[in-house]
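# Observations on the model geometry
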Amino acid sequence: MNAREIAFDILYKVEDEKRYVSEVLGDVLRIHQFDDKRERAFLTRLVEGVTERKLSLDHLIIKFSQKGKNKKIKKEILIILRMGIYQIHYMDSIPNRAVVSEMVELAKMKGFSGLSGFVNGILRNISRASEEGKLDSYLMSSLETRYSTPQWICSLLVSAYGKENAGKILEDQFQEHDTVIRINTMKTSREEYKVRLEEKGINVLPGVLTDRCLRIQGYDMVTRLPGYKDGLFTVQDETSVYTVSHAGIKPGDRVLDLCSAPGGKSMLAYELSEGSVVVSRDISEKKTALIAENAERLGFPFYISDNNKIQQDSPEHRLGTEYRPGINIEIKDASLIDEALRVLPEPERFDVVLADVPCSGLGIIGRKNDIKYHVTPDTVKELSQQGLIILKNASLYVKSSGRICYSTCTINPSENRQVVEAFLESEEGADFTLVEDRTFLQGIDGSDGFYYAVLAKRSK
């Protein structure tokens, strides 16, 4: 089976099962373990490219097929046409004529010999228009077709940030993004690890927002980087690192991370507190298992609550009646009030509570290229309400003069500043003041899109 057949199967499964492409692609890459890195790279780019450009590709299919609506085209043929147009217009690895031939053969292979002429005709016309430099002009009619992003998201961004900035934000999703890693300062320094990477021929750049991070290019897999198994680094975007660094965590502070998985914020909190108590929570066994996995790889002590189904065999990894220095892992739903924490005496409450709440993910559409198709205005409204609930709950666990750090990986104001403002106007927020907040915009700030707000509780 060649890369194009595999790409078709992935895209069909994503479409048919309404799954995220990263999940299906990841499963396939683990199974096939391509020996040829070029074939792996081609497959990845084709699958991800077709996904992120889907609305633009469908617009061209409608125009050149004269069908009126692409729903009249069989799902299999629609996917084959998307693959062909993407290769013709956005890739230059093989000649257009060869792409057309490959897609026609793929249609026959999938049992659609009767429609192979239809595929051939559309792709030949697309190829001719591309060579004449006309295709882009067909996509300029709206932000939706130009940036392959649902119109409601385009309108939201224009309303919040203006048309020029909205264009920069939307364009960023198609750019190459460096992998950002945060150095585990309990095991090495940024300078020492930078040298190790460069010795392996990896291109290393400094962080843009924080000196705790490096940006890397020209490597194969993260798990094959030097020092991965030894826990010398973790993959974590700079905005997240910057946010936790500005939460006010001091040596000896007790920190509660309400929505922790996969655990990057908790691990940094442990470093900043210089080995103090960090309670790291998330909603499921699957998510808390990721936290434990990361803590173990980084070499941090971790303890798993007895109320969790996952358990370590060794007794030192079991949580007793009190939290201990290290990563204390618990399965908890942050949207539900934890009465046990609510009634803690003042000295046992938390100095800092981190609440990186579930969100629409509109700040990371460049890294999760199909998240824009899964989110809707209704889900955004629900997420905003959930964020406010979690923020109110967080206020019950922080000690006098402590802090809450509320954050999201979206740039939608209704999930960000508006939630914080609603909290400050609520009964639960009466004792809090806004210390600082910031929105990072992708395509403008050199990072993913992100929002954080630090809220301080007044001393009693």
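Sequence order sets the numbering: in each chain, residues are counted from 1 along the sequence as written. Totals for whole chains, interfaces and linings use every residue, but because this is a predicted model, local features are given only for residues with pLDDT of at least 70 and side-chain atom pairs only at 80 or more, for both listing and counting. Side-chain calculation: all heavy atoms of the structure are included, whereas hydrogens and water are not.

### Regarding the overall build of the protein chain
Using the following cut-off: Only DSSP runs of H or I covering at least 4 residues are called helices, and only runs of E covering at least 2 are called strands; the numbering of each starts at the N terminus. We compute the radius of gyration from the C-alpha atoms alone; for a globule the expected value is 2.2 Å times N to the 0.38, where N is the number of residues. By definition in these notes, contact holds between two residues if any of their heavy atoms fall within 4.5 Å. Residue-level accessible areas treat just the shown protein chains as cover; the underlying method is Shrake-Rupley with a 1.4 Å probe. Within this scheme the basic residues Lys and Arg register as positive and the acidic residues Asp and Glu register as negative, but His and the chain ends are omitted. Where a charge lies is defined by one atom per residue type: Lys uses NZ, Arg uses CZ, Asp uses CG and Glu uses CD.
A tally of regular secondary structure across the protein chain gives 19 helices and twelve strands. A compact globule built from 460 residues should have a C-alpha radius of gyration of about 23 Å, and the protein chain, at 24 Å, falls within 12% of that. Considered along the principal axes of its C-alpha atoms, the protein chain spans approximately 75 × 50 × 40 Å. The long-range share in the protein chain, meaning contacts at least 24 apart out of those at least 6 apart in sequence, stands at 69%. In the structure as shown, the protein chain presents an accessible area of about 20,900 Å², 47% of it carried by carbon and sulfur atoms. The average position of the 63 basic charges and that of the 68 acidic charges among the side chains of the protein chain differ by 5 Å.

### Remarks on the packing of aromatic side chains
Selection criterion: Aromatic rings from Phe, Tyr and Trp, taking only the six-membered ring of Trp, are treated as a pair when their centres fall within 6.5 Å; an angle between ring planes under 30 degrees marks them as stacked, one over 60 as edge-to-face, and anything in between as tilted. Burial classification: accessible surface area is computed with a 1.4 Å probe over protein chains only, and a residue below 20% of its type maximum counts as buried, one above 50% as exposed, and the rest as partly exposed.
Applying the stated criterion across every chain, the model contains eleven aromatic pairs. Residues Tyr323 and Phe350 carry aromatic rings whose centres are separated by 6.3 Å and whose planes lie at 50° to one another, so their mutual orientation is tilted. With Tyr323 in the loop between β7 (302-304) and β8 (326-331) and Phe350 in strand β9 (residues 350-356), this pair connects stretches of sequence that are 27 residues apart. Residue classification places Phe350 among the buried residues on the basis of a relative accessible area of 0%. Among the aromatic residues, ring-to-ring pairing joins Tyr193, Tyr228 and Phe233 into one connected group.

### Structural notes on the environment of Ile183
Tracing the backbone shows Ile183 in strand β1 (residues 179-183). Taking the C-alpha atoms as reference points, Ile183 and Phe233, separated by 50 residues in sequence, lie 4.4 Å from one another. Not counting the four nearest positions on each side in its chain, Ile183 is found in contact with Thr188, Ser189, Arg190, Tyr193, Arg212, Leu214, Leu232, Phe233 and Glu271.

### Focus on the sheet that holds strand β2 (residues 203-206)
Stated precisely, the cut-off is as follows: Here the rule is simple: two strands pair whenever DSSP picks up at least two bridges between them. To define axes, lines are fitted to C-alpha atoms, for helices over the stretch in contact only, and angles between the resulting N-to-C directions are given on a 0 to 180 degree scale.
Here we have four strands laid out as an open sheet, ordered β2-β3-β1-β4, and antiparallel in their pairing. Of all the strands in the sheet, the pair left with one neighbour each is β2 and β4 (233-235). Neighbouring strand axes in the sheet, compared pairwise and without regard to direction, differ in orientation by 35° on average. The sheet strands contacting helix α12 (residues 190-199) are β1, β2, β3 (213-217) and β4, and the helix crosses β3 at an angle near 5°.

### Some words on helix α2 (residues 21-32)
Selection criterion: How far a helix is expected to stretch is found by multiplying one less than its residue total by 1.5 Å.
In this model, α2 (twelve residues) spans 16 Å end to end at C-alpha, consistent with the 16 Å of a helix rising 1.5 Å per residue. Those residues of α2 that fall on the buried side of the exposure criterion are Val21, Val24, Leu25, Gly26, Val28 and Leu29. Tucked inside the fold, the buried residues of α2 contact α1 (3-17) and α3 (37-52).

### Details of the nonpolar core
To be explicit about the condition: Side-chain atoms within 4.5 Å link the members of a nonpolar core, which is a set of buried Ala, Val, Leu, Ile, Met, Phe, Trp, Tyr and Cys residues.
Of all hydrophobic cores here, the largest spans 47 residues; its most connected members are Ile10, Leu43, Met83 and Val119. Contributions of two or more residues to this core are made by α1, α2, α3, α4 (54-65), α5 (75-90), α6 (96-109) and α7 (116-131). Sort the elements by how many residues they give to this core and α5 lands first, with ten residues. Beyond its immediate chain neighbours, meaning those up to four positions away, Met83 contacts Arg4, Ala7, Phe8, Leu11, Leu46, Val50, Met103 and Leu106. Formed by 31 residues, the second largest nonpolar core is a distinct cluster that contains Tyr242, Cys405, Phe440 and Val454.

### Side note on the pattern of salt bridges
A side chain with one charge can pair with a side chain of the opposite charge if their charged atoms come near. Heads up, the condition is: Salt bridge criterion: a side-chain nitrogen from Lys or Arg within 4 Å of a carboxyl oxygen from Asp or Glu.
For the structure on display, the rule yields 26 salt bridges. One salt bridge in this structure joins Arg212 and Glu271, with 3.9 Å as the shortest N-O distance. Here Arg212, found in the loop between β2 and β3, pairs with Glu271, found in helix α14 (residues 264-272); they are 59 residues apart in sequence, far enough to count as distant. Classification of Arg212 by relative accessible area gives partly exposed; the value is 23%. Here Asp237 and Arg367 are joined by a salt bridge, their closest N and O atoms 3.6 Å apart. Of this pair, Asp237 sits in the loop between β4 and α13 (238-245) while Arg367 sits in the loop between β9 and α17 (371-374); the two residues are 130 residues apart in sequence, bridging distant segments of the chain. On the basis of relative accessible area, Arg367 is assigned to the partly exposed category, the value being 39%. A network of salt bridges, in which partner residues are shared, links Glu17, Arg19, Glu23, Asp27 and Arg30.

### Notes on the pairing of β2
Sheet analysis places β2 next to β3, joined by four bridges and oriented antiparallel. The residue of β3 that forms the bridge with Leu205 is Arg215.

### Considerations on the packing of helix α10 (residues 151-161) against helix α11 (residues 163-172)
Heads up, the condition is: Convention used here: angles under 35 degrees read as roughly parallel, angles over 145 as roughly antiparallel, angles from 65 to 115 as roughly perpendicular, and any remaining angle as oblique. The handedness criterion is simple: a crossing whose near helix is rotated anticlockwise from the far helix by less than a right angle is left-handed, and one whose near helix is rotated clockwise is right-handed. Residues are grouped as follows: Ala, Val, Leu, Ile, Met, Phe, Trp, Tyr, Cys and Pro are nonpolar; Asp, Glu, Lys and Arg are charged; every other residue, Gly included, is polar.
Interhelical geometry of α10 versus α11 gives an angle of 130° and a closest axis separation of 7 Å. Considering the angle they form, α10 stands oblique to α11. When you trace α10 past α11, the crossing you get is right-handed. Of α11, the residues touching α10 (which contributes Cys154, Leu157, Val158 and Tyr161) are Lys163, Asn165, Ala166, Ile169 and Leu170. For the contact of α10 with α11, the residue count by class is seven nonpolar, one polar and one charged.

### Comments concerning the sheet that holds strand β11 (residues 432-440)
Within the open sheet, the eight strands sit side by side as β7-β8-β6-β5-β9-β10-β12-β11. Their pairing is mixed. In this open sheet, the two strands that pair with only one neighbour each are β7 and β11. Between one strand and the next, the sheet's axes are offset by a mean angle of 15°, whatever the strand orientation. Relative to strand β12 (residues 450-457), β11 runs antiparallel, the two being bridged by eight bridges. Paired with Thr439 across the strands is Tyr451, a residue of β12. Of the strands in this sheet, β6 (277-282), β7 and β8 touch helix α15 (residues 285-298), which is tilted by about 170° from β8.

### Regarding the environment of Phe112
With respect to the helices and strands, the residue Phe112 is situated in the loop between α6 and α7. When its relative accessible area of 16% is taken as the criterion, Phe112 is described as buried. Taking the C-alpha atoms as reference points, Phe112 and Ile77, 35 residues apart in sequence, are found 8.1 Å from one another. Setting aside anything within four residues of it in sequence, one finds Phe112 in contact with Lys74, Glu76, Ile77 and Ala107.

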